[in-house]
Structure formats: structure tokens, C-alpha cells
Amino acid sequence: MMLNLFKENVRIAYGSIRTQILRTSLTVLIIAIGITALVGILTVVSALENTLSADFASMGANTFNVNQYENVTQRRGEERKIINPIISYPEAVDFKNKYDYPFTETSLSFTATSTAEVKYEATKTDPEITVVGVDEYFLTNSGLETSLGRNFTGFDIDNNNYVCVVGSDFGKGLLKDINPIDKTISIRGARFKVIGILKEKGSTFGNKQDLRVLIPIQVARSLFTAPNINYTMSVMVSNKELLDQALDHAIITMRNVRKLSPVRDNNFGIVRSDDLINRILGITKYLGLASWLIGIITVLGSSIALMNIMIVSVTERTREIGIRKALGAKRSTVAIQFFIETLLIGQLGGIVGIILGILIGYAIATALSFEFVIPWIAILAAFLTSFMVAIVSGLYPAIRAAYLDPIEALRYE
């Protein structure tokens with residue numbers, strides 16, 4: 001009996017919506033705009049977070065670096081940078097030899113230059129190539145992979161072989177239309193055999209990740225003999241649960257390398273790969289809050305519009321309500337009928353808004369080269385929001401319709 005009554009109410013509500021198609025369409029559009037804004041922005045934010053997580057996971061999810069600096073510290077309300085000494089090669093080697101925490105692998109590297117010119121036969125690049133001196137663990141610890149060829153081996157590093165792994169841009173530029181593996185390129189007059197090409201990485205904070213040449217660290221040290229070369233130690237922890245303890249052990253080891261007394265602060269920086277991710281994802285949450293604010297403001301407007309339209313609908317159908325009540329319809333039956341009508345309009349607006357929001361979010365994510373994912377949280381939020389709009393907007397008109405006096409209603413022209 002209840003199911004039949006519900007079906008009848010849905011049928012009546014659907015018929016009423018069809019007879020007022022223009023008004024219904026405008027209401028659906030108003031609700032859809034609010035939901036579109038909410039879903040669209042949340043979709044873009046999700047895509048941005050996904051892309052950032054993927055980018056920085058490429059640094060190695062369970063890694064930390066020992067650098068000259070950690071970040072800018074604040075003292076007495078002013079930002080000032082603590083002047084730390086550079087990490088010299090003997091210190092870097094000393095650290096690697098002394099650091100023996102289980103399930104870890106330490107890599108040494110340094111940026112030899114960022115203005116190198118690379119030649120292949122008669123062709124040469126612009127002087128904008130970054131040359132990095134690395135060991136056999138650098139690629140793994142940095143989350144890098146080769147798309148062609150292979151990584152360095154311990155044999156390459158120990159024997160100072162003149163081999164190199166190049167960024168993906170070389171496959172599109174200097175070494176395009178040929179198989180780059182085993183080809184010989186020239187850097188500062190030294191000839192290197194290409195053993196691998198890295199997978200494309202794009203740019204991170206303006207650094208062109210695909211215009212790099214990686215060469216064995218000792219070879220780099222002999223070719224690039226600038227003073228005050230600053231080294232980086234990258235530590236990968238294969239067991240994620242031991243990351244915090246491994247990091248603490250690294251601090252103790254580096255303090256011992258630098259012979260720091262217990263009362264002195266660290267004069268080096270430890271940077272976790274996930275710290276940077278969390279810092280940036282912390283910024284994206286403000287975009288999420290902005291989308292909720294925009295969505296709430298628009299949804300508030302659509303609630304008022306939907307409520308007004310339903311009040312007008314009640315007024316226009318006063319005589320119809322009077323006839324229903326005279327024939328024995330209960331207050332609850334009349335209220336449910338108008339309530340279902342409001343819910344149908346609200347959900348129609350929600351569905352249209354979700355579809356438009358996802359399409360707009362997908363278009364923006366694609367244009368900005370973000371990694372698109374279906375935003376289930378945004379869809380759920382939109383569904384709940386349109387449902388709440390319908391409930392809030394439908395409550396007053398439904399109660400008003402239910403409490404109309406049948407005799408007065410029958411008199412209404």
C-alpha cells in the first residue's frame with residue numbers, strides 16, 4: 001500500500017514537473033551551477049593532489065636527503081638563514097662509510113654544472129644541460145627509471161667508466177631518430193657512451209628534469225673541479241616503518257662526522273621526501289575550502305530559488321490541493337507529494353551539476369597536464385548537497401500545502 005502511494009506521488013510529481021518545464025529547467029540550472037562549481041573545483045584539486053603525489057613519490061617515498069640546508073628558520077620574528085658549511089666530498093664519503101642502519105642504501109651525488117654543452121657528431125645542444133655526478137644507487141633513491149637501456153652498475157662507478165644516462169629530451173633532440181644506446185656524446189671534450197635514457201619527468205619548480213646527463217661521480221669530480229662543491233647524500237629505507245629511526249640515526253652519524261658537541265645545533269639539513277609533498281598538499285586544501293565556499297554560496301541561492309518556485313507551485317495548485325483533501329487525502333499525503341516533487345528537481349539539478357562539473361574538471365586537468373581521477377568524494381558531496389537543498393527547500397512549501405484549509409482551497413480561483 002505504502003509503495004503504491006509512493007509510486008503515485010512520484011507519478012504526480014513527474015507530471016507536475018513536465019507541465020512546468022521552463023520553470024523546472026531554470027531551477028535545475030540554478031542548482032546545477034552550484035553543484036558544477038563545487039564538483040569542478042574539487043575535481044581539479046583532486047587531479048592536482050594526485051599529480052603532486054605522483055611527482056614527489058618519484059623522489060622516492062621512503063627517502064630522505066642530507067643537505068646543506070633544511071629550510072629557512074625564524075628567529076625573533078625575522079626570517080634568517082643559518083649559514084651552514086657545505087657538505088664536502090670527504091664528509092659525504094665519511095657519512096656513507098659510517099652510516100650502517102639496516103635496510104638502507106646511501107647514494108652520493110652532486111650537481112657538477114647546469115650550463116654544459118653536449119655534442120653528438122656535428123650537432124650540439126644549447127649550453128643549458130645539467131650534469132650530475134652520481135653513484136649506482138642514485139636512480140633508485142631518486143625514484144628515477146630508464147625507458148631505454150640500463151642503470152649504472154657498481155662496476156661502472158668503481159672503474160670510473162665513461163658512460164652516461166641521459167634525460168628523455170635527448171631522445172627528442174640531440175639523439176632523435178636513432179637508437180641512442182651505445183652512441184657516444186661529448187661533454188667538455190670527454191666522450192661518454194650512452195647506456196640509458198630516463199623516463200620523462202617534466203619540470204619541477206622550474207628545474208628541467210629531462211635535460212640532465214648523469215655520469216659516474218669520480219669522473220664528474222675530475223672533469224668539474226670548481227671550489228666548494230656541495231654534495232648530497234640520499235638515503236632510501238626499504239622498510240617504511242623504520243624511516244623515523246633511520247632518520248634519527250642519520251642525524252647522529254652526521255653530527256659525529258662533523259664532530260659536533262652535544263650543546264651545538266645541527267649545521268646541516270635533513271629533508272624527507274614526504275615533507276615536501278605534505279607541505280604542498282597543505283596548500284591545496286585551501287583550494288578545496290574555496291570550492292566549498294563557492295559551492296555553499298551558490299547552493300544557498302539555488303535553495304532560495306527552489307523554495308520560491310515550490311511556494312508558487314503550491315499557490316497555483318491551491319484548488320487541486322483542495323479537491324484532493326476533499327476526496328480524503330491526508331495532510332501527510334499532500335506534504336509527501338510536494339516533498340517528492342522538490343526532491344526530484346533537486347536531484348535532477350545534482351545529476352546535471354555532477355556531469356558538468358566532472359567534464360569541466362577533466363578539461364582543466366587535461367589542459368594543465370594533471371593526472372585526472374574520478375572524484376568520488378566530490379560526487380558524494382554533490383549528491384548530499386543537492387539532497388540537502390531539496391529537503392531544506394521543500395520543507396516549508398510541503399507543510400504549507402498540507403495545512404491548507406480544503407474549503408478555502410476549493411474557493412480559490
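Structural data are supplied above this passage.
So, how was this worked out
- Residues numbered from 1 in each chain as written.
- Predicted model: local features only at pLDDT ≥ 70, side-chain atom pairs only at ≥ 80, totals over all residues.
- Heavy atoms only, no water.
- Helix = DSSP H or I, 4+ residues; strand = E, 2+ residues; numbered from the N terminus.
- Buried < 20%, exposed > 50% of the residue type's maximum accessible area, 1.4 Å probe, protein only.
- Salt bridge = Lys/Arg side-chain N within 4 Å of Asp/Glu carboxyl O.
- Expected span 1.5 Å × (residues − 1).
- Axes fitted to C-alpha atoms, helices over the stretch in contact; angles between N-to-C directions.
- Left-handed = near helix turned anticlockwise from the far one by under 90°.
- Contact = heavy atoms within 4.5 Å.
- Nonpolar A, V, L, I, M, F, W, Y, C, P; charged D, E, K, R; others polar.
- Core = buried A, V, L, I, M, F, W, Y, C linked by side-chain atoms within 4.5 Å.
- Phe/Tyr/Trp six-rings, centres within 6.5 Å; stacked < 30°, edge-to-face > 60°.
- Lys NZ or Arg CZ within 6 Å of the ring centre and 35° of its normal.

(A) Region of the structure containing the environment of asparagine 97. With respect to the element layout, asparagine 97 can be found in helix H3 (residues 89-98). In this structure asparagine 97 comes out as exposed when scored by relative accessible area, which is 61%. Expressed as a C-alpha distance, the spacing of asparagine 97 and threonine 253, which sit 156 residues apart in the sequence, is 9.9 Å.

(B) Structural view of the pattern of salt bridges. Using the criterion set out here, one finds five salt bridges in the structure. In this structure, glutamate 91 and arginine 258 form a salt bridge, with 3.1 Å as the shortest nitrogen-oxygen distance. Highlighted residues: glutamate 91 in helix H3 and arginine 258 in the loop between helix H8 (243-257) and strand E16 (269-272), separated in sequence by 167 residues. For the salt bridge of lysine 96 with aspartate 135, the shortest nitrogen-to-oxygen distance reads 3.3 Å. Of this pair, lysine 96 sits in helix H3 while aspartate 135 sits in the loop between strand E7 (129-134) and helix H4 (138-141), and the two are 39 residues apart along the sequence.

(C) Region of the structure containing H8. With 15 residues, H8 extends 21 Å between its outermost C-alpha atoms, agreeing within 8% with the 21 Å of an ideal straight helix rising 1.5 Å per residue. Three or more residues of H8 are buried, namely Leu243, Ala246, Leu247, Ala250, Thr253, Met254, Arg255 and Val257. Just past H8, the residue lysine 259 takes up positive phi, approximately 50°.

(D) Expanded view of helix H11 (residues 331-367). Under the 1.5 Å per step criterion, the end-to-end length of H11 is 54 Å for 37 residues, consistent within 8% with the ideal 54 Å. Just past H11, the residue serine 369 takes up positive phi, approximately 60°.

(E) Here's a closer look at the packing of helix H10 (residues 318-326) against H11. Where H10 contacts H11, the axes come no closer than 10 Å and their chain directions differ by 145°. Crossing of H10 over H11 shows right-handed handedness. Taken together, the residues of H11 that come into contact with H10 (itself represented by Glu320, Ile321, Arg324 and Lys325) are Arg331, Val334, Gln337 and Phe338. Counted by class, the contact of H10 with H11 contains three nonpolar, one polar and four charged residues.

(F) Quick look at the nonpolar core. Core analysis: the biggest nonpolar cluster contains 49 residues, and Phe64, Val66, Phe95, Ile185, Ile187 and Val213 have the highest contact counts within it. In this structure, phenylalanine 64 is in contact with Tyr99, Met233, Ser234, Val235, Val237, Leu243, Ala246, Leu247, Ala250, Ile270, Val271 and Arg272, ignoring residues within four places of it in sequence. Among the nonpolar cores identified, the runner-up in size contains 24 residues, and Ile345, Val389, Ala398 and Ala401 belong to it.

(G) Looking closely at the packing of aromatic side chains. As enumerated under the stated definition, the model contains four aromatic pairs in all. Aromatic side chains phenylalanine 95 and tyrosine 99 sit 5.2 Å apart centroid to centroid with 10° between the ring planes, which places their arrangement in the stacked category. Classification of tyrosine 99 by relative accessible area gives buried; the value is 5%. Residues tyrosine 162 and phenylalanine 192 carry aromatic rings whose centres are separated by 5.1 Å and whose planes lie at 35° to one another, so their mutual orientation is tilted. Here tyrosine 162, found in the loop between helix H5 (154-158) and strand E9 (163-166), pairs with phenylalanine 192, found in strand E11 (residues 190-198); they are 30 residues apart in sequence, far enough to count as distant. Overall, tyrosine 162 belongs to the partly exposed group, its relative accessible area being 38%. What makes phenylalanine 192 buried here is its relative accessible area of 0%. Taken together, the aromatic side chains of Tyr89, Phe110 and Tyr231 make up a single cluster linked through ring pairs. Stacked on the ring of tyrosine 89, the Lys or Arg arginine 221 has its end atom at 3.6 Å from the ring centre.

As far as function goes, none of this settles anything; it's purely spatial.
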